[in-house]
Amino acid sequence: RENAIFILLKKRQDLIRKLEQKQQVEEKAKAQAEMMAGVAHELRNPLNAIGTLVQQVDKDFISENQNEELHQLLKIVKHEIYRMNDKIGDFLRFARPALPNKQTILISEWMNDFKTELEAMGSEKKVLVEAIFPNKVLISIDINQINEILRNLVRNAVEAIPQSGTVTVTIKVVRDEIIILVEDD
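Summarised in this report is the structure supplied together with it. (Residues numbered from 1 in each chain as written. Predicted model: local features only at pLDDT ≥ 70, side-chain atom pairs only at ≥ 80, totals over all residues. Heavy atoms only, no water.)

Broken down by element type, the chain carries 4 helices and 5 strands. Mapped from its N terminus to its C terminus, the chain presents α and β elements in the order α-α-β-α-β-β-α-β-β. A compact globule built from 185 residues should have a C-alpha radius of gyration of about 16 Å, whereas the chain, at 25 Å, is more than 25% larger. If you line up the chain on its principal axes, its C-alpha atoms span 95 × 45 × 25 Å. Taking all 185 residues of the chain together, 24% fall into the buried category. By sequence separation, contacts in the chain at least 24 residues apart represent 72% of the contacts at least 6 residues apart. Carbon and sulfur atoms make up 55% of the accessible area of the chain, which amounts to about 13,700 Å² in all. Mean positive and mean negative side-chain charge positions of the chain (26 and 29 charges, respectively) differ by 10 Å. (Helix = DSSP H or I, 4+ residues; strand = E, 2+ residues; numbered from the N terminus. Rg over C-alpha atoms; globule rule 2.2 N^0.38 Å. Buried < 20%, exposed > 50% of the residue type's maximum accessible area, 1.4 Å probe, protein only. Contact = heavy atoms within 4.5 Å. Areas by Shrake-Rupley, 256 points an atom, 1.4 Å probe, with all protein chains shown as cover. Lys, Arg positive; Asp, Glu negative; His and termini not counted. Charge placed at Lys NZ, Arg CZ, Asp CG, Glu CD.)

Here it is, written out as structure tokens:
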């Protein structure tokens with residue numbers, strides 16, 4: 001009987017030790033995530049300020065005919081700032097992954113609101129961004145997450161086109177599944 005009690009106590013102590021270790025790991029991961037988010041935030045603020053200043057200088061102080069080389073250099077700086085912001089966003093999502101916030105919405109309502117932003121992404125390179133989607137189909141999605149994915153795909157497609165061209169975003173329903181295609185010339 002003493003052996004049985006000893007074994008039960010030993011198992012209980014092992015279980016408590018494992019739970020304490022798990023809690024320590026979770027607390028450490030939470031602290032690391034908070035630190036990573038703080039670092040990302042501190043990087044993003046000055047980066048956005050630099051991006052705004054570069055855009056202002058390019059817009060207000062340099063005419064298109066004045067200095068094409070400087071205009072191109074500022075364009076590269078803006079592109080790299082956007083790229084770094086994307087990486088910081090990835091870093092933040094890794095540090096604090098968001099839980100999906102799904103909503104049921106008409107595809108046409110969602111895309112009519114979002115396609116202006118997509119179209120603007122191609123305007124600088126004279127790339128036409130088209131959106132083709134069904135009108136009366138409901139979808140349950142996390143709009144913020146899917147918009148972020150589409151922004152990245154469209155941005156990559158626009159960057160892949162050397163000069164003017166077309167990027168087409170097509171949304172279709174096939175056997176109760178929503179398929180989203182992003183194609184460039």
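On to helix α4 (residues 143-160), then. Helical periodicity: at 3.6 residues per turn, an α-helix aligns residues three or four positions apart in one direction. Between its first and last C-alpha atoms α4 spans 25 Å; for 18 residues at 1.5 Å apiece the expected length is 26 Å, and the two agree. Listing the buried residues of α4 in full gives Ile143, Ile146, Asn147, Leu150, Val154, Ala157 and Val158. Down the axis, α4 shows its buried residues gathered within 100° of arc, on one side only. For α4, the exposed residues set more than 90 degrees away from the buried face come down to Asn144 and Ala160. Buried residues belonging to α4 abut β1 (103-106), α3 (107-123), β2 (127-132), β3 (138-141), β4 (165-174) and β5 (177-184). One side-chain oxygen of the residue at the start of α4 lies 3.1 Å from the amide nitrogen of Asn144, identifying that residue as Asp142. (Expected span 1.5 Å × (residues − 1). Arc of directions from axis to C-beta. Polar contact = N/O pair within 3.5 Å; in protein donor to acceptor, adjacent residues only side chain to side chain.)

The pairing of β2 with β4 spans 6 bridges and is parallel. Counterpart to Glu130 in the pairing with β4 is Thr168. For β4 and β5, the ladder comprises 8 bridges, and the chain directions are antiparallel. From the neighbouring strand, Thr168 faces β5, where its bridge partner is Glu183. Hairpin geometry of β4 and β5 is characterised by an intervening segment of 2 residues between the two adjacent antiparallel strands and by a positive phi of about 50° at Arg175. (Pairing = 2+ DSSP bridges.)

So, on to the sheet that holds β2. Ordered in space as β2-β4-β5, the 3 strands form an open sheet in which the pairing is mixed. Strand pairing shows two members of the sheet lacking a second neighbour, β2 and β5, which therefore form its edges. Here the average twist between neighbouring strands, direction ignored, is 10°. Against the sheet, α3 makes contact with β2, β4 and β5, and its axis sits at roughly 170° relative to β2, the strand it touches most. (Axes fitted to C-alpha atoms, helices over the stretch in contact; angles between N-to-C directions.)

Attention now goes to the layout of surface pockets. Taken as a whole, the largest pocket encloses approximately 1,100 Å³ of empty space. Taken together, 28 residues form the lining of the largest pocket, with Tyr82, Asp86, Met121, Arg155 and Glu159 sitting closest to its centre. Among the elements of the structure, α1 (2-60), α2 (68-95), α3 and α4 are those that each provide at least two residues to the lining of the largest pocket. Each residue belonging to the lining of the largest pocket can be placed in one class, and the counts come to 6 nonpolar, 8 polar and 14 charged. (1 Å grid on protein atoms, 1.4 Å probe; cavity = no way out; pocket = protein on both sides within 12 Å on 5 of 7 lines; lining within 4 Å. Points joined across faces, edges and corners; volume = space filled by probe spheres on them. Nonpolar A, V, L, I, M, F, W, Y, C, P; charged D, E, K, R; others polar.)

With that settled, the discussion passes to the pattern of salt bridges. As enumerated under the stated definition, the model contains 4 salt bridges in all. Salt-bridge contacts for Arg83 lead to Glu80; the nearest nitrogen and oxygen are separated by 2.9 Å. Here Arg83 and its partner Glu80 are both found in helix α2, 3 residues apart, which amounts to about one turn of the helix. (Salt bridge = Lys/Arg side-chain N within 4 Å of Asp/Glu carboxyl O.)

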